[in-house]
Amino acid sequence: QVELVESGGGLVQAGGSLTLACTISGLSVSGFNMNTMAWFRQTPGKERKFVASVNWSGTMNQYADSVQGRARLSKPDATNTIHLQMNNLTPDDTGVYYCALRPPMKTTYDYWGQGTQVTVSS
């Protein structure tokens, strides 16, 4: 079974930077390189929002308008880990960040991590 484990969350001051990591395990021996990885975030009372995505080869990135120019999402490295680097953080970036995986030929993200808290103080 696919498992996603996030790390790197914490407290950061406004204007600072933070890097989140997500390690993927349990991938099939076939077709793993066709997966799409993404980050979402959610705050209490709000719906979960898309943040960024990257295809496995790293040739295509998508970013939400809210983080455009302030975030970079890497493709999986040799340990099947992706990194979301965020800078110029604001309190609006506060929330629980979730790693997600979309299998090939799917339009939904079927696998989710447990989430990691990011808190940006003003």
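Up top is the structure.
So, here's what we can say about the structure.

Calculation criteria
Residues numbered from 1 in each chain as written. Predicted model: local features only at pLDDT ≥ 70, side-chain atom pairs only at ≥ 80, totals over all residues. Heavy atoms only, no water. Helix = DSSP H or I, 4+ residues; strand = E, 2+ residues; numbered from the N terminus. Rg over C-alpha atoms; globule rule 2.2 N^0.38 Å. Areas by Shrake-Rupley, 256 points an atom, 1.4 Å probe, with all protein chains shown as cover. Lys, Arg positive; Asp, Glu negative; His and termini not counted. Charge placed at Lys NZ, Arg CZ, Asp CG, Glu CD. Pairing = 2+ DSSP bridges. Axes fitted to C-alpha atoms, helices over the stretch in contact; angles between N-to-C directions. Core = buried A, V, L, I, M, F, W, Y, C linked by side-chain atoms within 4.5 Å. Buried < 20%, exposed > 50% of the residue type's maximum accessible area, 1.4 Å probe, protein only. Phe/Tyr/Trp six-rings, centres within 6.5 Å; stacked < 30°, edge-to-face > 60°. Lys NZ or Arg CZ within 6 Å of the ring centre and 35° of its normal. Contact = heavy atoms within 4.5 Å. Disulfide = S-S within 2.5 Å.

On a plain count of helices and strands, the protein chain comes out with 0 helices and 11 strands. When the elements of the protein chain are put in sequence order from the N terminus, they spell out β-β-β-β-β-β-β-β-β-β-β. The C-alpha atoms of the protein chain give a radius of gyration of 14 Å, which matches the 14 Å a tight globule of 122 residues would have. Each principal axis of the C-alpha distribution contributes one length, and for the protein chain these read about 45 × 30 × 25 Å. Split by element, the accessible area of the protein chain, about 6700 Å² in all, is 50% carbon and sulfur. Computed over 9 positive and 8 negative side-chain charges, the separation of the two mean positions in the protein chain equals 4 Å.

Now for the sheet that holds strand 1 (residues 3–7). Reading across the sheet, the 4 strands line up as 1-3-8-7 and stay open at both edges, with antiparallel pairing between neighbours. Of all the strands in the sheet, just strand 1 and strand 7 (71–73) have a single pairing partner and so form its edges. Taking the axes of each pair of neighbouring strands and ignoring which way they run, one obtains an average angle of 15 degrees across the sheet. Bridge count between strand 7 and strand 8 (residues 81–86): 3 bridges; the pairing is antiparallel. The residue bridging Leu-73 from the neighbouring strand is Leu-84, located in strand 8.

This part takes up the nonpolar core. One recurring pattern in soluble globular proteins: nonpolar side chains tend to sit buried together. In this structure, Met-37, Trp-39 and Leu-84 are the most contacted members of the largest nonpolar core, which totals 28 residues. The set of elements that each furnish at least two residues to this core consists of strand 3 (18–25), strand 4 (36–42), strand 5 (49–55), strand 7, strand 8, strand 9 (95–102) and strand 11 (116–121). The leading source of residues in this core is strand 3, at 4 residues.

In this section: the packing of aromatic side chains. To describe a pair of aromatic rings, you give the distance between the ring centres and the angle between the ring planes. Tallying each qualifying case throughout the model produces 4 aromatic pairs. Pairing Phe-40 with Tyr-109 gives two aromatic rings, centres 5.4 Å apart and planes at 75 degrees, and the pair type is edge-to-face. One end of the pair, Phe-40, is in strand 4; the other, Tyr-109, is in the loop between strand 9 and strand 10 (111–112), with 69 residues separating them in the sequence. One aromatic cluster is present, formed by Phe-40, Phe-50, Tyr-109 and Trp-112 through successive ring pairs. When the ring centre of Tyr-98 is taken as reference, the NZ or CZ atom of Arg-48 above it lies at 4.0 Å.

With that settled, the discussion passes to the environment of Gln-62. Tracing the backbone shows Gln-62 in strand 6 (residues 61–63). According to the relative accessible area criterion, Gln-62 is partly exposed, its value standing at 43%. Not counting the four nearest positions on each side in its chain, Gln-62 is found in contact with Phe-50, Val-51, Ala-52 and Ser-53.

Counted by the stated rule, this structure contains 1 disulfide. Residue Cys-22 pairs covalently with Cys-99 via a disulfide, S to S 2.0 Å. Its S-S torsion of approximately -85 degrees makes the covalent link between Cys-22 and Cys-99 left-handed. Taken as a pair, Cys-22 in strand 3 and Cys-99 in strand 9 lie far apart in primary sequence, 77 residues in all. Judged by its relative accessible area of 0%, Cys-22 falls in the buried class.

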